[in-house]
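# Structural description and commentary
For reference, the chains in residue letters:
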Amino acid sequence: MDTDNDVPIPMLSKEHFAEAILDRMVQTGETLPLRYEPQGFRLASSDGHVFNLGNAYGEFSAAPPSKRAKILRHYVRGWLSRYKTIPAEFADAAPDLLPKIVHRFSVDVKKLHSQIDNTPPRAEFSQVFGEHFATRLVYDWPVSDAEIDLARLAAWKTTPEEALKIALENLAARSRETLKRVAPGVLMGTWQDDYDPCRLLLPEVMRRPKIKGDPVIMLPNSNSLLLTGSDDPKIGRASCRER
């Protein structure tokens, strides 16, 4: 359970961060042996599953100390979600499919690790979005999600295009709230459900607020979306120059 009474966590080194994640995994119920691989900055389990720590550490480092325990819980839950069962039938899974925007690096690094480990890469579904991002498909649980790969889609007898269409419809149904103004000329997503950045895949949601000029969207972290206008005299032009 998330709580506002978490003890603040100071900045940790990469090694101590990995230890903190590993300890919490064991405390939360992981029974398989885990090892920390500092060269790749990742955790590996005895059954071959790998947790690349780069994105988690970046988010942890950027967060204020009072929010870091929540970030640790989020990633531990994500790791343990692999023990949950995804419905075998597409009709049963469809209502809980959602799109997820990730850094392209997180997609490419898995391929690189497969080459290094000399193991066949997982047939994952991803669509390049912009220069630095990719869109994935996930099955959403209340406190975690699981990536949907091409093998799963084949077993469901559905195409990536059809699954993504349904995922976007599901996200739109969760996006009726609008963005709130947090500074002159700047609006922020209010959903706080780990899918805020994915709303940029919904043009109708991005066009809902009144802004000056074309929308300029920023994704400062994995759970935040900021919106301004390209013609806003207070911030728009500066934001465009920095992109």
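Throughout this description, residue numbers start from 1 for each chain and increase along the sequence as written. Per-residue local features of the predicted model are confined to residues with pLDDT of at least 70, and side-chain atom pairs are confined, for both listing and counting, to 80 or more; whole-chain, interface and lining totals are unaffected and use all residues. Where side-chain values are given, they derive from all heavy atoms of the structure, hydrogens and water being excluded.

### Brief notes about the overall build of the chain
In terms of regular secondary structure, the chain is built from nine helices and eleven strands. For the chain, whose C-alpha radius of gyration is 19 Å, the value lies close to the compact-globule estimate of 18 Å for 243 residues. A principal-axis box enclosing the C-alpha atoms of the chain has dimensions of 55 × 50 × 35 Å. Note on classification: 1.4 Å probe, protein chains only; a residue is buried when its accessible area is under 20% of the maximum for its type, exposed when over 50%, partly exposed between these limits. Residue burial in the chain is summarised as follows: out of 243 residues, 42% are buried. When the accessible surface of the chain is totalled, it reaches about 13,700 Å², and 54% of it is carbon and sulfur. Per the convention used, a helix needs a DSSP run of H or I reaching at least four residues, while a strand needs a run of E reaching at least two, with both numbered from the N terminus. Note that the radius of gyration is over C-alpha atoms, with the globule rule given as 2.2 Å times the number of residues to the power 0.38. Residue-level accessible areas treat just the shown protein chains as cover; the underlying method is Shrake-Rupley with a 1.4 Å probe.

### Examining the packing of aromatic side chains
Aromatic pairing here means that ring centres of Phe, Tyr or Trp (its six-membered ring) are within 6.5 Å. Orientation follows from the plane angle: under 30 degrees is stacked, over 60 is edge-to-face, and everything else is tilted. Enumeration over the complete set of coordinates arrives at eight aromatic pairs. Taken together through their ring pairs, the aromatic side chains of Phe17, Tyr36, Phe41, Tyr57 and Phe60 make up a single cluster. When the NZ atom of lysine or the CZ atom of arginine is within 6 Å of a ring's centre and also within 35 degrees of its normal, the charge is said to sit over that ring. One cation-aromatic arrangement involves Lys14 over Phe41; the distance from NZ or CZ to the ring centre is 4.9 Å.

### Some words on the sheet that holds strand S10 (residues 215-218)
If you walk across this open sheet you meet the four strands as S8-S9-S11-S10, and the pairing is antiparallel. Every other strand in the sheet has two partners, leaving strand S8 (180-183) and S10 as the edge strands with one partner each. Strand after strand, the sheet turns through a mean of 35° between neighbouring axes, direction not considered. When DSSP locates at least two bridges between a pair of strands, those strands are taken to pair. Both S8 and strand S9 (residues 186-188) contribute to a ladder of three bridges, which runs antiparallel. Paired with Ala183 across the two strands is Val186, which belongs to S9. Comment: axis = line fitted to C-alpha atoms, over the contacting stretch for helices; angle = value between 0 and 180 degrees taken between N-to-C directions.

### Some remarks on the pattern of salt bridges
Salt bridge, as used here: a side-chain nitrogen of Lys or Arg that lies within 4 Å of a carboxyl oxygen of Asp or Glu. According to the stated counting rule, one finds ten salt bridges in the structure shown. Note that Lys100 is salt-bridged to Asp145, the shortest N-O span being 2.6 Å. With Lys100 in strand S4 (residues 97-103) and Asp145 in strand S7 (residues 145-147), this residue pair connects regions lying 45 residues apart in the sequence. Residue class for Lys100 comes out buried when judged on its relative accessible area of 15%. Each of Arg35, Glu37 and Arg42 takes part in a single network of salt bridges with overlapping partners.

### Here's the deal with the packing of helix H1 (residues 14-28) against helix H3 (residues 68-80)
Taken N-terminus to C-terminus, the directions of H1 and H3 make an angle of 55°; their axes are 10 Å apart at the nearest point. With respect to H3, the element H1 is oriented oblique. Viewed along their axes, H1 and H3 form a crossing whose handedness is right-handed. Note on element contacts: H3 touches H1 through Leu72, Tyr75, Val76, Trp79 and Leu80, opposite Phe17, Ile21, Arg24, Met25 and Thr28. What sets the label is the angle itself: under 35 degrees gives roughly parallel, over 145 gives roughly antiparallel, 65 to 115 gives roughly perpendicular, and the rest give oblique. Crossings are assigned a handedness: left-handed for a near helix turned anticlockwise from the far helix by less than a right angle, right-handed for a clockwise turn. Any two residues whose heavy atoms approach within 4.5 Å are treated as being in contact.

### Brief notes about the confidence of the model for the chain
The pLDDT averaged across the chain works out to 87; a share of 93% of its residues lies at or above 70. Here residues 236-243 is a poorly scored stretch, pLDDT under 50, and it has twelve contacts once near neighbours within four places are set aside; other chains count. Within a predicted model, pLDDT stands for the predictor's per-residue confidence, ranging from 0 to 100.

### Considerations on the nonpolar core
Working definition of a nonpolar core: buried Ala, Val, Leu, Ile, Met, Phe, Trp, Tyr and Cys residues. They are joined through side-chain atoms within 4.5 Å. Ranked by internal contacts, the top residues of the largest apolar core, which has 24 residues, are Phe17, Ile21, Met25, Leu43, Phe51, Leu53 and Phe60. When residues of this core are traced back to their parent elements, those giving at least two are H1, helix H2 (54-62) and H3. By residue number, the principal contributor to this core is H3, which donates seven residues. Apart from residues lying up to four places away in sequence, Leu43 is in contact with Ala18, Ile21, Leu22, Met25, Arg35, Tyr36, His49, Val50, Phe51 and Leu53. In this structure, Ile148, Trp156, Leu164 and Ala167 belong to the second largest nonpolar core, which totals 17 residues.

### A closer look at helix H5 (residues 104-117)
Given a rise of 1.5 Å per residue, 14 residues ought to cover 20 Å, and the 20 Å separating the end C-alpha atoms of H5 matches this to within 8%. Taken together, the buried positions of H5 are occupied by Ser106, Val107, Val109, His113 and Ser114. Projected down its long axis, H5 shows its buried positions confined to an angular sector of 165°, all on one face. Residues of H5 that are exposed and angled more than 90 degrees away from the buried face: Phe105, Gln115 and Ile116. Take the residue count of a helix, subtract one, and multiply by 1.5 Å to get its expected span. What the arc describes is the spread of directions from the helix axis to the C-beta atoms.

### Regarding the sheet that holds strand S1 (residues 34-37)
The three strands lie next to each other as S1-S2-S3, forming an open sheet whose pairing is antiparallel. On the outer flanks of this sheet lie S1 and strand S3 (50-52), each paired with one strand and no other. Mean inter-strand twist for the sheet, computed between neighbouring axes without regard to direction, equals 20°. As paired elements, S1 and strand S2 (residues 42-45) share four bridges and run antiparallel to each other.

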